[in-house]
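Structural overview
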Amino acid sequence: MRLRSKSTEAETLRVNAPTEPSGKPPAGRRLKMKFPKIWAGNKGQKDPKTIQVPGDRQDPAVLEEEPDKGILSFDQNVEQRHFYEAAVQLVQREQLLFGGGSQSEDHREALMLATDHKILETIVLQTIKESLNKGQDAAALASAVNAIQLQEEQDQLTNQSGSSAASWRPSRWRHLHDTMLASLVEERLENPSVSCESPQQQSSIQAGVQRVGLQLKEDLLTVAKAVQTCYPPERNICQLYAELYHKNMSDHLKKIVDFVLDDGDCTFLLRWVTEFYPGLYKSADLASQIDTEALGRLLPVELLGPLEQQYLSRQKVEMMTFITRVLEEAKEMWRNGDEPTLEDGCFVSPVSYDIIQLINGIVRSAEIVVGDREKAQCVASGLSDSLCRFRDFQDDVMKHNKPNSRSFIKANLGCIHQFRDFIQRKSSLFPPDVAEKSLAILADMKQSAHLFLLSPFHKVLKPNYRKLGTCDWLNSSALMATMMDSMENEVQSLEGSLESCHQELMGQLHQEVAVEYVRRLLRGGVKLKSPALQQAAFVRVTSDAESLHSLFSEQGSKEDWLKDVLVMIAGVLGLQDLPAIQMQVVTLGSTYPDLSEKQISALLKLKTNLSKEDRRTVKSTWSDALREISVSPTHAFFSRVFH
């Protein structure tokens, strides 16, 4: 390359000549001038005789040169990559040239200066272009950056004066710098130099995007660790590079999504856009340098929408297919007469565990991939339909009542409990209407399972139930003793479900026995004609309440309140004073607001010595108290007895 300087017509430029690590001229050969403090890190030596250059905010003055054999020429500065110093020399020559002199000298010098200006511009831009290469000279890059800024300030001075005799003004090196970076980024992403091992199952699209992504990450880290130190903080060069890479990456992906993508490529692209790409900026070196929110979306909504729909539809199909397979395996096991797995004395089924793990994983992954919880919820929108099929399976098990049916229903109770707990704790995974419908289906399944398991128990005890509330029951404790023995034997057959499920089952049975007890008592026809008989009834009901409570508590029932119901009823039977009876009935009615007037009448009629007027007084007192006291029912009991 041929360079021109002020003192020589032409001189061969050795661009690759060695320089000191600092990028400064060797000792004793520095320019004897005061350089403007444009950016930190490039300062000249102070000298009493200052040469005015752009950046000094002083009144224009005549430029003076101090002859010094140690001053490097323009060609030498360029050769040794002192671009800022070379740029200062060009500005000095420009100001001297267009500040006076003969026309012939001006024309000759203008041509030489224009040539040198173009030479420096080319080499500075080439240095910028090589800024991402490994082993780049940081001092040279910083010098090039300062040279660009110096030329930018000279352009601003020219704009302020309104005109310039120099044909290269405005030089627009700042614009050329930004254009060069845009071209550099585009070229590096079109031809990534990074190497990566792609899994065999990766498609060409996935492998290509992965390589481009690695190139992007590597380059941005280079900018953050090395390049940005060559720029002033206010230039925010990391953000500029990030914006350029973001735009080019976006353009690259837009071309890909124009094609019809298979499900694998669709999922990969979505994950790359919403998960992997944002993850690149979370490293410590980039997070503090780049405002990712300012970058915006990598793909516009109109392109992301179809990808999301394709992905979510595929995920939903996969989930429903898996659930179908799980249910079919359970059905086949039941049809073959196999027993469910027995763990710690409890029958268990993998149905709920397998389905819950799938739903939890697939919906949470979908939320990450599409970046929107509500959109991801649609994947689980088929849960209620799947539970309906599960309920149909359970109905078949109970309808055909095979030898292994009871074992399967006990195992199903565990599944129902786990599904219910999962939906309540992880409601954010489901659309609200789906969660609500699913819980209703599970409640229906639990009730049906309880009915199936408890019906044989009540069938065995039916002869005992018939004698409750009769004279035989009142006059002898043998009936209740026989009934308790039968119940103890029958409850053994109800074991085999998970502990929490067995507790619920025993609680349900406890309630049903207590309800049947009160129903038979109120309709049994026993006549308590005397205080002695009423006291005997009080003792009998109180004793029975304690016996039932003991039996079912030992079996896991937590329904302790049922004992209080029977004790309160016993209190009404045993009391003789009318005000006391009124108070007891009011207490019973306020505790259990579902107590009806018809039931109070049936209870009071057992006390045959109580006049019709007294019964009316008690009911009137109860009715008045109920209107004055607003009570929220904690337990429904009497509504199950009769109305």
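Residues numbered from 1 in each chain as written. Predicted model: local features only at pLDDT ≥ 70, side-chain atom pairs only at ≥ 80, totals over all residues. Heavy atoms only, no water.

Observations regarding the pattern of salt bridges
For the structure shown, the criterion picks out 25 salt bridges. When the shortest N-O distance is used, the salt bridge between Asp444 and Arg391 registers 3.3 Å. Placement of Asp444 in helix H16 (residues 432-467) and of Arg391 in helix H14 (residues 383-400) is noted, with a sequence separation of 53 residues between them. Note that Lys563 is salt-bridged to Glu546, the shortest N-O span being 2.5 Å. Remark: Glu546 occurs in helix H20 (residues 531-554) and Lys563 occurs in helix H21 (residues 561-574); sequence separation between them is 17 residues. Three or more residues are tied together by salt bridges with common partners; here these are Glu94, Asp155 and Arg169. (Salt bridge = Lys/Arg side-chain N within 4 Å of Asp/Glu carboxyl O. Helix = DSSP H or I, 4+ residues; strand = E, 2+ residues; numbered from the N terminus.)

A word on the nonpolar core
A general feature of soluble globular proteins is that nonpolar side chains tend to end up buried together. Formed by 178 residues in total, the largest nonpolar core has its most connected members in Leu120, Tyr241, Met487, Phe637 and Phe638. Among residues more than four places away in sequence, those in contact with Tyr241 are Ser131, Leu132, Leu181, Leu184, Val185, Leu220, Val223 and Val227. (Core = buried A, V, L, I, M, F, W, Y, C linked by side-chain atoms within 4.5 Å. Buried < 20%, exposed > 50% of the residue type's maximum accessible area, 1.4 Å probe, protein only. Contact = heavy atoms within 4.5 Å.)

What to know about the packing of aromatic side chains
All told, the structure shown has 13 aromatic pairs when counted by the stated rule. Ring geometry for Trp473 versus Tyr517: centroids 6.3 Å apart, planes at 75°, classification edge-to-face. Taken together, the residues span a long stretch of sequence, with Trp473 in helix H17 (residues 471-475) and Tyr517 in helix H19 (residues 499-523) at a distance of 44 residues. Comparing Trp473 with Tyr517 shows no difference in burial state: the two are buried. Each ring, one from Trp561 and one from Tyr592, has its centre 6.1 Å from the other, and the planes form 35°; the classification is tilted. (Phe/Tyr/Trp six-rings, centres within 6.5 Å; stacked < 30°, edge-to-face > 60°.)

With respect to the environment of Pro431
The residue Pro431 is located in the loop between helix H15 (405-425) and H16 in this model. Along the chain, Pro431 and Lys375 lie 56 residues apart, while their C-alpha atoms are 9.5 Å from each other. Apart from the residues within four sequence positions on either side, Pro431 is in contact with Gln377 and Ser381.

Focus: helix H22 (residues 578-591)
With 14 residues, H22 extends 20 Å between its outermost C-alpha atoms, agreeing within 8% with the 20 Å of an ideal straight helix rising 1.5 Å per residue. Residues of H22 that are buried: Ile581, Gln582, Val585, Val586, Leu588 and Gly589. The arc that holds the buried residues of H22, viewed along the axis, is 165°, so those residues lie on one side. (Expected span 1.5 Å × (residues − 1). Arc of directions from axis to C-beta.)

Overview of the packing of helix H11 (residues 301-335) against H14
Closest axis-to-axis distance for the H11/H14 pair is 10 Å, and the angle between their directions is 5°. Overall, the two elements H11 and H14 adopt an arrangement that is roughly parallel. Contacts from Met320, Ile323, Thr324, Leu327, Ala330, Lys331 and Trp334 in H11 reach Ser386, Arg389, Phe390, Phe393, Asp396, Val397 and His400 in H14. Within the contact of H11 with H14, the residues separate by chemical class into 8 nonpolar, 3 polar and 3 charged. (Axes fitted to C-alpha atoms, helices over the stretch in contact; angles between N-to-C directions. Parallel < 35°, antiparallel > 145°, perpendicular 65-115°, else oblique. Nonpolar A, V, L, I, M, F, W, Y, C, P; charged D, E, K, R; others polar.)

With respect to the confidence of the model for the protein
The predicted coordinates should not be examined in detail at positions where pLDDT is low. When pLDDT is averaged along the protein, the result is 86, and 86% of the positions lie at 70 or above. Taken together, the stretch residues 1-67 has pLDDT below 50 and engages in 147 contacts with residues farther than four places along the chain or on a different chain. (pLDDT = per-residue confidence, 0-100.)

Let's talk about a positive patch on the surface
Judged by side-chain charge, Lys527, Lys529, Lys605 and Lys612 come together as a positively charged surface patch. With respect to the helices and strands, Lys605 occurs in helix H23 (residues 597-605). (Patch = residues over 30% accessible without salt bridge, like charges linked within 9 Å, V, L, I, M, F, W, Y side chains within 5 Å. Areas by Shrake-Rupley, 256 points an atom, 1.4 Å probe, with all protein chains shown as cover. Lys, Arg positive; Asp, Glu negative; His and termini not counted. Charge placed at Lys NZ, Arg CZ, Asp CG, Glu CD.)

A closer look at the packing of H14 against H16
The interhelical angle for the contact between H14 and H16, taken along N-to-C directions, is 10°, at an axis separation of 9 Å. Here H14 is positioned roughly parallel relative to H16, judged by the angle of their axes. Contact residues: Leu383, Ser384, Asp385, Leu387, Cys388, Phe390, Arg391, Gln394 and Met398 in H14; Val434, Lys437, Ser438, Ile441, Leu442, Asp444, Met445, Ser448, Ala449 and Phe452 in H16. Here the contact of H14 with H16 is built from residues that sort into 11 nonpolar, 4 polar and 4 charged.

Looking at the state of the cysteines
Across all of its chains, the model carries 0 disulfides by this definition. This cysteine, Cys501, is not joined by any disulfide, and Cys346 carries the nearest cysteine sulfur, 8.8 Å off. Judged by relative accessible area, which is 2%, Cys501 ranks as buried. (Disulfide = S-S within 2.5 Å.)

Topic: helix H2 (residues 83-97)
Between its first and last C-alpha atoms H2 spans 21 Å; for 15 residues at 1.5 Å apiece the expected length is 21 Å, and the two agree. For H2, the tally of buried residues reaches 13 of 15 residues, placing the bulk of the element in the interior.

Thoughts on the environment of Phe552
Inspection of the secondary structure assignment puts Phe552 in helix H20. Taking the C-alpha atoms as reference, Phe552 lies 9.4 Å from Gln503; in sequence the two are 49 residues apart. Not counting chain neighbours up to four residues away, the residues in contact with Phe552 comprise Met487, Met506, Leu509, His510, Val513 and Ser557.

Description of the environment of Ala114
Following the sequence through the fold, Ala114 ends up in helix H3 (residues 103-129). Classification of Ala114 by relative accessible area gives partly exposed; the value is 26%. The sequence separation of Ala114 and Glu94 amounts to 20 residues, and the corresponding C-alpha distance is 9.4 Å.

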